[in-house]
Amino acid sequence: MSKWLEFMPRALLATQIVLVFGFTPQVTAATGYGLGRPATPAEIAGWDIDVRPDGQGLPPGRGSVAEGEKIYGEKCASCHGDFGDNPQYAQLAGGVGSLAGSSPVWTVGSALNNATTLFDYINRAMPFPNPKSLTPDEVYALSAYILNLSNIVPADAVLDQKTLPQVKMPNRDGFILFPGLMTAHGKSDIHAVACMHDCVKQVKVISELPAGFTEKFFGDISQEFRGLNTMNQTGEPQWVRVALNDSSAAPPSGYALAQKNGCTACHATDHKIVGPAYRDVAAKYQGDAQALEKLKAKVRKGGAGVWGEVPMPPQTQVSDGDLDAILKWVLSGGATTP
Amino acid sequence: MSEPKPRYGRIVLAPEDFLPTRGLSRRAFFDLLAAGGAAAVSAAVAGRAQADDANLPPHVPPWSKRLGAPVNAAYGQPSPYERNIIRREDPGLTPTREASVVFTPLQNLFGIITPSGLHFERDHGGRPDINPYEHRLMIHGLVRQPKIYTVEDILRFPSVSRIHFIECGANSAMEVRNVSVPTVQYTHGMLGCSEFTGVLLSTLLDDVGYDKKRARFILAEGADAASLTRTIPIEAALDDAMVVYGQNGEMLRPENGYPLRLLVPGFQGISNVKWLRRLKVGDQPFNTREETLHYSDLMPDGKTRQYTWIQEAKSVITSPSGGQQLLDRGYYQITGLAWSGRGKIRRVDVSTDGGRNWHPARLQDPILSKALTRFRFDWHWDGSPALLQSRCIDETGYVQPTVTQWRAVRGTRSIYHYNAIQTWKVDPDGKVSNVQVA
């Protein structure tokens, strides 16, 4: 008993340290962070869509080649071609037996090892613009049709939870594991040696881009380098000047012009800094037809007395265009901080 | 007029260095002189000097004589003079822009960290716009308690920050058979390196009580249109894999997985599933589309290697590199990047004669495991043709192979995991281009 009394406070203390400082990464869900919440079976069912090679994960349902052909024509053929033969998008059919030859054709029919992966992918990611819009029956039917395009299943085939995993894909045994590339500690299959001197007798260039290739496909690649540190420019690149003088851009706001010309160092839109708020200027000159010209002169020549004794120095740096735009913006009364 | 001596340490020559006109290289200038155009050049120099020297010493430029812009209380952007430093697509590489890729402009970057806005983007079903308040991460399968986490939950777990590279398994794929792209942005630009912040995946697996006896593989699934899935082996999941939300100090960018992505350091890019919504603990690999029809390696005998996750050691010179031009003889710093999915970079060698002779380069600290390492090498170009190469060795002793060595083992049918030595050819006129040598 005395042993327990002696022991317990220490145990409590240890627990508190763990909780306060989070010392141990071994904290379990039961005692640990108290984060997250249990996922319900219904929630899991809604997201647990993957299908394994052994068929685990396949939903109930069925579909035939004939049904698949109809859906395929409506939803798939525009990209994949009527017979799954468009190589521009993932090619679906053809090329069976070609992988070991000199011109391998990589398709569902020639390269995939399990029909379950076809089902899984259509179900989660297809049709490309409308993924997850197909019913299980439709996915079974499309799987059947696509497999039939490569003569892997007969034209009267019907696929379901039981039959789809049993489909024998031509490349079922074509995949191998190479442990050297499966872990950071694996050993590579390429064994180069770091020779330092006289490593090769003669160096020969065996491949380079044909003349005109870069210009034709990539345009003017000198644009893709920073002129400052890349050697192929002797000064600012042409585009800098063009971009900075770009007149197609939207005109800057009155506030942006005021910022650009340094006005906002002394003027804010809604409160006095050194000079008056633009809002107050607008109020003072409301209805005065001469206001624009008066203020232009004031800005150019400077002045004091209207808003207090602190003089406004002459502002000669502002262009006529900017000054006109800024003052019209101020007088419009719409001066608001962006 | 005699030829000005090379000025060491200078690459871009300032206008006052007797350059006749913008856009005319110094070498072309000398050619013009040799052709008897001295008078014309002198006139050009005089004319240009008036136009361009107004902002140069002894004159004072306008930005020193007027008030600058107010402080910027918005998200800062690069200088407008940097507006061409952007990610780019390889024209014609992919039929749709939703299942496509944009490449990191490696030729323009310094150090080892990739700015988040320049990190390459590879999507398989477009880039989703995810409301983080409605995003959930589900962990289930062989676990004692399947759970659902909000993003806030994930942010509250004990966190770690680590610098790691992400390289697409198909980086440099266009070069497997022959050269086909002009610059390092396209040859190696499916590569980035960031400081990532998140929760160790082992922490989350403990939190759901994963089945330590049966758990062997984990399925990672994205919330994008493709709901992209990949198999992650339990060893890597428990070692250094993370569920990441932070990239370079801020939340992940949408194109890089906002608000949550998986990070499996050293694995091919696609394993780092973006927009992560689900982790399922299982006892078999999942054989998904992206690890059968794609991202697997067709070998010369027609067999396909599956689950080749590791990105082996690789390096590339980023400057001088394809598309650049050396304006003059003299000093150049050769610099580039090296990385390994197996750990740290131990050494990088540089050759300027196509691999006949090699010289160790300087490595910039920090040298981190499964992260980009910057190397540098001093070079004096004498104006003769050169073939620039870099070759790295990682801490396991693995040596980056030549093109010939790589093809002898892997053949030319697969497009993945191409990590052979890159060669940049320097012509006598200074033009740098992409070549392969044997």
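Residues numbered from 1 in each chain as written. Chains lettered and ligands numbered in written order. Predicted model: local features only at pLDDT ≥ 70, side-chain atom pairs only at ≥ 80, totals over all residues. Heavy atoms only, no water.

**Student:** So what's going on with the state of the cysteines? Which residues, and what values?
**Tutor:** All names here are of chain A. Inspection of the entire model under this criterion finds 1 disulfide over all chains. Each disulfide pairs two cysteine sulfurs, and for Cys 195 the partner residue is Cys 199, the sulfurs being separated by 2.2 Å. Its S-S torsion of approximately -95° makes the covalent link between Cys 195 and Cys 199 left-handed. (Disulfide = S-S within 2.5 Å.)

**Student:** Lay out unusual backbone geometry in plain terms, naming residues and giving numbers.
**Tutor:** Residues other than glycine predominantly adopt negative phi, and peptide bonds predominantly adopt the trans conformation. Residue and element names in this part refer to chain B. Following Pro 57, the chain continues into Pro 58 via a peptide bond in cis, with omega recorded as 10°. Along the chain, Pro 58 turns up in the loop between α2 (38–52) and β1 (101–102). Looking along the chain, the bond that leaves Asp 365 and enters Pro 366 is cis, with omega of -5°. Counting through the fold element by element, Pro 366 comes out in the loop between β19 (362–363) and β20 (373–381). At Asn 287, a position not held by glycine, the phi torsion is positive, near 55°. Here Asn 287 is to be found in the loop between β12 (276–282) and β13 (297–298). The exposure class of Asn 287 is buried, given its relative accessible area of 4%. Even without being glycine, Tyr 295 reaches a positive phi, approximately 55°. Mapped onto the fold, Tyr 295 is located in the loop between β12 and β13. (Helix = DSSP H or I, 4+ residues; strand = E, 2+ residues; numbered from the N terminus. Buried < 20%, exposed > 50% of the residue type's maximum accessible area, 1.4 Å probe, protein only.)

**Student:** Any details on the packing of aromatic side chains? Residues and values, ideally.
**Tutor:** A full pass over the atoms with the stated rule returns 15 aromatic pairs over all chains. Plain terms: the ring middles of Tyr 33 of chain A and Phe 157 of chain B are 5.1 Å apart, the flat faces sit at 70° to each other, and that makes the pair edge-to-face. Placement of Tyr 33 of chain A in the loop between α1 (2–21) and β1 (37–38) and of Phe 157 of chain B in the loop between α3 (151–156) and β5 (160–167) is noted, with the two residues assigned to different chains. By relative accessible area, which is 23% here, Tyr 33 of chain A ends up partly exposed. A relative accessible area of 2% places Phe 157 of chain B in the buried class. Judged by centre distance (6.4 Å) and plane angle (45°), the ring pair of Phe 213 of chain A and Phe 218 of chain A falls under tilted. Judged by its relative accessible area of 22%, Phe 213 of chain A is partly exposed. Through pairs of rings, three or more aromatic residues link up here, namely Phe 213, Phe 217 and Phe 218 of chain A together with Phe 103 and Tyr 186 of chain B. Seen from the ring of Trp 307 of chain A, Lys 284 of chain A lies directly overhead, with NZ or CZ sitting 5.7 Å from the centre. When the ring centre of Trp 47 of chain A is taken as origin, the NZ or CZ atom of Arg 277 of chain B, which lies over that ring, is 4.6 Å away. (Phe/Tyr/Trp six-rings, centres within 6.5 Å; stacked < 30°, edge-to-face > 60°. Lys NZ or Arg CZ within 6 Å of the ring centre and 35° of its normal.)

**Student:** How would you sum up the sheet that holds strand β3 (residues 136–141) of chain B? Please name residues and give values.
**Tutor:** Adjacent strands of a sheet form backbone hydrogen bonds with each other and so pair up, either parallel or antiparallel. Read across the open sheet, the 6 strands follow the order β1(A)-β4(B)-β3(B)-β12(B)-β7(B)-β8(B); overall the sheet is mixed. Unpaired on one side and paired on the other, β1 of chain A together with β8 (229–233) of chain B mark the two borders of the sheet. Relative to β8 of chain B, strand β7 (residues 217–222) of chain B runs antiparallel, the two sharing 5 bridges. Directly across from Ile 218 of chain B, in β8 of chain B, lies its bridge partner Ile 232 of chain B. Helix α5 (residues 201–208) of chain B contacts β3, β4 (147–150), β7 and β12 of chain B of the sheet and is inclined by roughly 135° relative to β4 of chain B. (Pairing = 2+ DSSP bridges. Contact = heavy atoms within 4.5 Å. Axes fitted to C-alpha atoms, helices over the stretch in contact; angles between N-to-C directions.)

**Student:** Describe the nonpolar core, naming the residues involved and giving the relevant values.
**Tutor:** Counting residues in each nonpolar core, the largest one holds 66 residues, and the members touching the most others are Leu 137, Ile 154, Leu 204, Val 243, Leu 262 and Leu 279 of chain B. Setting aside its immediate chain neighbours within four residues, Leu 262 of chain B contacts Leu 201, Ala 220, Ile 232, Met 242, Val 243, Ser 271, Asn 272, Val 273 and Leu 276 of chain B. If you look at the next biggest cluster of nonpolar residues, it comprises 40 residues, including Ile 71, Ala 93, Val 153 and Met 169 of chain A. (Core = buried A, V, L, I, M, F, W, Y, C linked by side-chain atoms within 4.5 Å.)

**Student:** Talk me through the packing of helix α6 (residues 115–125) of chain A against helix α7 (residues 136–149) of chain A; I want residue IDs and the actual numbers.
**Tutor:** Residues and elements named next belong to chain A. Where α6 contacts α7, the axes come no closer than 9 Å and their chain directions differ by 130°. Considering their axes alone, α6 and α7 lie oblique with respect to each other. For α6 against α7, the interelement crossing comes out right-handed. Contacts between α6 and α7 involve Ala 115, Leu 118, Phe 119, Ile 122 and Asn 123 from the first element and Pro 136, Val 139, Tyr 140, Leu 142, Ser 143, Ile 146 and Leu 147 from the second. Split into classes, the residues belonging to the contact of α6 with α7 amount to 10 nonpolar, 2 polar and no charged. (Parallel < 35°, antiparallel > 145°, perpendicular 65-115°, else oblique. Left-handed = near helix turned anticlockwise from the far one by under 90°. Nonpolar A, V, L, I, M, F, W, Y, C, P; charged D, E, K, R; others polar.)

**Student:** Account for the sheet that holds strand β14 (residues 304–306) of chain B, with residues named and values stated.
**Tutor:** Overall, mixed pairing links the 3 strands, which are arranged β4(A)-β14(B)-β13(B) in an open sheet. Unpaired on one side and paired on the other, β4 (175–177) of chain A together with β13 of chain B mark the two borders of the sheet. Bridge analysis of β4 of chain A against β14 of chain B gives 3 bridges, and the strand direction is parallel. Within β14 of chain B, the residue paired with Ile 176 of chain A across the bridge is Arg 305 of chain B.

**Student:** Please provide a residue-by-residue account of the confidence of the model for chain A, values included.
**Tutor:** When pLDDT is averaged along chain A, the result is 86, and 83% of the positions lie at 70 or above. Confidence drops under a pLDDT of 50 for residues 1–24 of chain A, and excluding neighbours within four residues, the segment shows 7 contacts in the predicted structure. (pLDDT = per-residue confidence, 0-100.)

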